[in-house]
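# Tertiary structure, described
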Amino acid sequence: MASARPDDPLSGPSAAESQREVQKIKEQANDKFKTGDFFSAKCLYSGALELLERCCLQDPKADELWEGIKNNMALCDLKRKEWSRVVDLTTEVLARNSNNPKALYRRAMARLGQGKFTEAQQDLKACLKLEPNNKEARQRLQEVVAQCREASNAEKQQAEKLRGFLQGERLEDSVPISQDGSVRKLHGNENAPLFATWMRREWLEPSSSTLPVVTCHVAFKTAGGKEIWSSRKPPAHSRQEAGPHLMTQPAPVEKPIEPVRFVLHSICDGVFRAWMDAAKTLQLQELGHFEASREALGASVEAAIERCVEKSLPDCPERARTFGSLPEDMQKVARRKQALQILGLPEELCLDPSSAELAGSLRMEMELLAVDTFERLDERTLMSVIREGSKDGALAKDFSKVKAHFRVAKLLLNSSLKDTRLGLASKGDSVILRPDSSREPMTFIIGEEDLGENEGSFVPPFVGRSLLLPPGGAREGMRFELIFLDGLPVSEMDRSIQAAYASGDINPKVMPDTTGPVVVRIELEKVEHDSDEFKGLREERERAEFLEKTENGRHWQKALRRRRRSLRHLRKCLE
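In short, a report on the structure. From a predicted model like this one, the values you see are computed outputs, not experimental measurements.

What counts and what doesn't
Residues numbered from 1 in each chain as written. Predicted model: local features only at pLDDT ≥ 70, side-chain atom pairs only at ≥ 80, totals over all residues. Heavy atoms only, no water. Helix = DSSP H or I, 4+ residues; strand = E, 2+ residues; numbered from the N terminus. Buried < 20%, exposed > 50% of the residue type's maximum accessible area, 1.4 Å probe, protein only. Contact = heavy atoms within 4.5 Å. Areas by Shrake-Rupley, 256 points an atom, 1.4 Å probe, with all protein chains shown as cover. Phe/Tyr/Trp six-rings, centres within 6.5 Å; stacked < 30°, edge-to-face > 60°. Lys NZ or Arg CZ within 6 Å of the ring centre and 35° of its normal. Salt bridge = Lys/Arg side-chain N within 4 Å of Asp/Glu carboxyl O. Polar contact = N/O pair within 3.5 Å; in protein donor to acceptor, adjacent residues only side chain to side chain. Expected span 1.5 Å × (residues − 1). Disulfide = S-S within 2.5 Å.

### What about the overall build of the protein chain?
Counting secondary structure elements, the protein chain contains 15 helices and 16 strands. For the protein chain, the proportion of its 575 residues judged to be buried stands at 45%. In the protein chain, once contacts between residues fewer than 6 apart in sequence are set aside, the share between residues at least 24 apart is 70%. For the protein chain, the accessible surface area stands at approximately 31,200 Å², while carbon and sulfur atoms represent 50% of it.

### Some remarks on the environment of Glu92
Relative to the helices and strands, Glu92 is located in helix H4 (residues 83-96). Judged by its relative accessible area of 36%, Glu92 is partly exposed. For Glu92 and Asn71, which are 21 residues apart along the polypeptide, the C-alpha to C-alpha distance reads 9.7 Å. Contacts of Glu92, omitting those with residues within four sequence positions, involve Trp66 and Lys70.

### Some points on the packing of aromatic side chains
For any pair of aromatic rings, the description rests on two quantities: the centre-to-centre distance and the angle between the ring planes. Enumeration over the complete set of coordinates arrives at four aromatic pairs. Each ring, one from Trp229 and one from Trp275, has its centre 6.0 Å from the other, and the planes form 25°; the classification is stacked. Of this pair, Trp229 sits in strand S4 (residues 227-230) while Trp275 sits in helix H8 (residues 273-281), placing them 46 residues apart in sequence. Residue classification places Trp275 among the buried residues on the basis of a relative accessible area of 0%. Between Phe262 and Trp275, the aromatic rings sit 5.9 Å apart at their centres with planes inclined by 40°, giving tilted as the arrangement. Here the residue Phe262 occupies a position in strand S6 (residues 260-263), and Trp275 occupies one in helix H8, the gap between them amounting to 13 residues. An aromatic cluster of at least three residues, connected via ring pairs, comprises Trp229, Phe262, Phe272 and Trp275. Its guanidinium or amino end placed over the ring of Trp66, Arg96 lies 3.9 Å from that ring's centre, counting from NZ or CZ.

### Some words on the pattern of salt bridges
This model, assessed by the stated rule, comprises 30 salt bridges. One continuous salt-bridge network, built from bridges that share partners, spans Glu82, Arg387, Arg421, Arg479, Arg521, Glu523 and Glu525.

### Here we look at the side chain of Thr215
When you line up the elements, Thr215 lands in strand S3 (residues 210-221). Within polar-contact distance, the side chain of Thr215 engages the side chain of Arg261 at 3.4 Å. Each residue touching Thr215, except ones within four places of it in the same chain, is listed here: Pro259, Val260, Arg261, Glu367, Leu368, Leu369, Ala370 and Asp372.

### Brief notes about H4
In this model, H4 (14 residues) spans 21 Å end to end at C-alpha, consistent with the 20 Å of a helix rising 1.5 Å per residue. Of all the residues in H4, the buried ones are Val86, Val87, Leu89, Thr90, Val93 and Leu94. Buried residues in H4 make contact with helix H2 (38-55), helix H3 (62-79) and helix H5 (101-113).

### Describing the state of the cysteines
All chains considered together, the criterion is met by zero disulfides. The cysteine Cys43 is free of any disulfide, with Cys76 supplying the nearest cysteine sulfur at 9.1 Å.

In structure tokens, the structure reads:
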């Protein structure tokens, strides 16, 4: 920005110094960006923008600097594939200056990442009007136009071919995609490769350290067109007979619709083989249609269900006392339903094999939304880093005080068990859970997560343990996911359940203390240390005494950890 003239209203020392400070911070951000630390660069750009808007924005000459900083923030988000944030930032720039080619191009790239090809095409055309010689924008536009044309032609061909499918007719143009022919892809090309282009054969090896995890929507219909199950519909609430007794009952909470998610590998045997076989053949964003026999659906997970019953729901006196009054056949049904809930399998697809609805083949529709790769931490724990933390950020350690958002969800059906970003909202006569951007992250101490004063401040202890699992540690700004194939303790999920298991109100032999396979997503926002900069023996002693008195001494083990920590520090001081 040019220096202010003496007659400018902002020519005073404070304005000039502020402008120089903005440029200084911007240069620091540029240096961070060049090293590939996009998170830190975005933070610095944001600081420069805040100073600019507070002190200098009255100067018309500051507009260009404001647009440049906003565009740079968008570029940082573009590098981190934060598509929505890029669109928001560039749209702000274009609201002030519709002729900013960088904002148009970067918004186009973000919209491509979102799969919005038409909007991306419009932005690229507008960018080329301003910069006709922009070779990169022109090449991108040609690619998008070709993709749109191919997609349009494919949709027309698919619509023609699917007329018979929608009427429940058996189609002849299908090819087997499983070795036994129990899964067939409709309108498939028998000469097409068995695997999609994103799929790598080495991922399927039993010893592979990298495993793919797919996210998709799935729906099933009978040959006559009756829908059996769909991931695009919210879970059905238990129906109650209407009557005056419902006047005082709270409305059921409606959960968000989530696509299914599963590990595409033999390590996870509680997944329908039809889903495994179908997902391998689909390209990203492709909507495929299949025929799946009973052998590739319920029968393919029967062994996993039996193992779950044997491991988590064995015969024992406690179960006999609880369910002994029920007929034997009803006891088997109840036990099977419990196993399905633990594994996260939809009951509608695991009915009795003699069921008429599952007697023949079902029509399956699958849309592949995303593929993520996870690395094995051990045989039953997987990890994927969504975003690296700041290189200069503090490292989460035992006893660290942290702020973080987290989500715990069943692996297969992707239903949320706990999500700090969800809030309650009214929808007509019902209550729904939906994302709430105003919700603050949870603040807790690693190792003392469940010491919140109320249910709303309770953090499952396994969240703190999860922060210690990433190789190299978890730093501020890091986002990652962990898959626990053997599940986590249900007793750690919230305070009331924890208390019920501890008091014996819930018997683990009747209600197993396991979530079944789950995925935990953590967004670590801030880390504060009191271990490296020790606050003093008095503070540690007071904390230990507080833990000993809390909840009738239930946290004595945590108090003991604090006292041992004090002793270690004391020995270190005396050496």
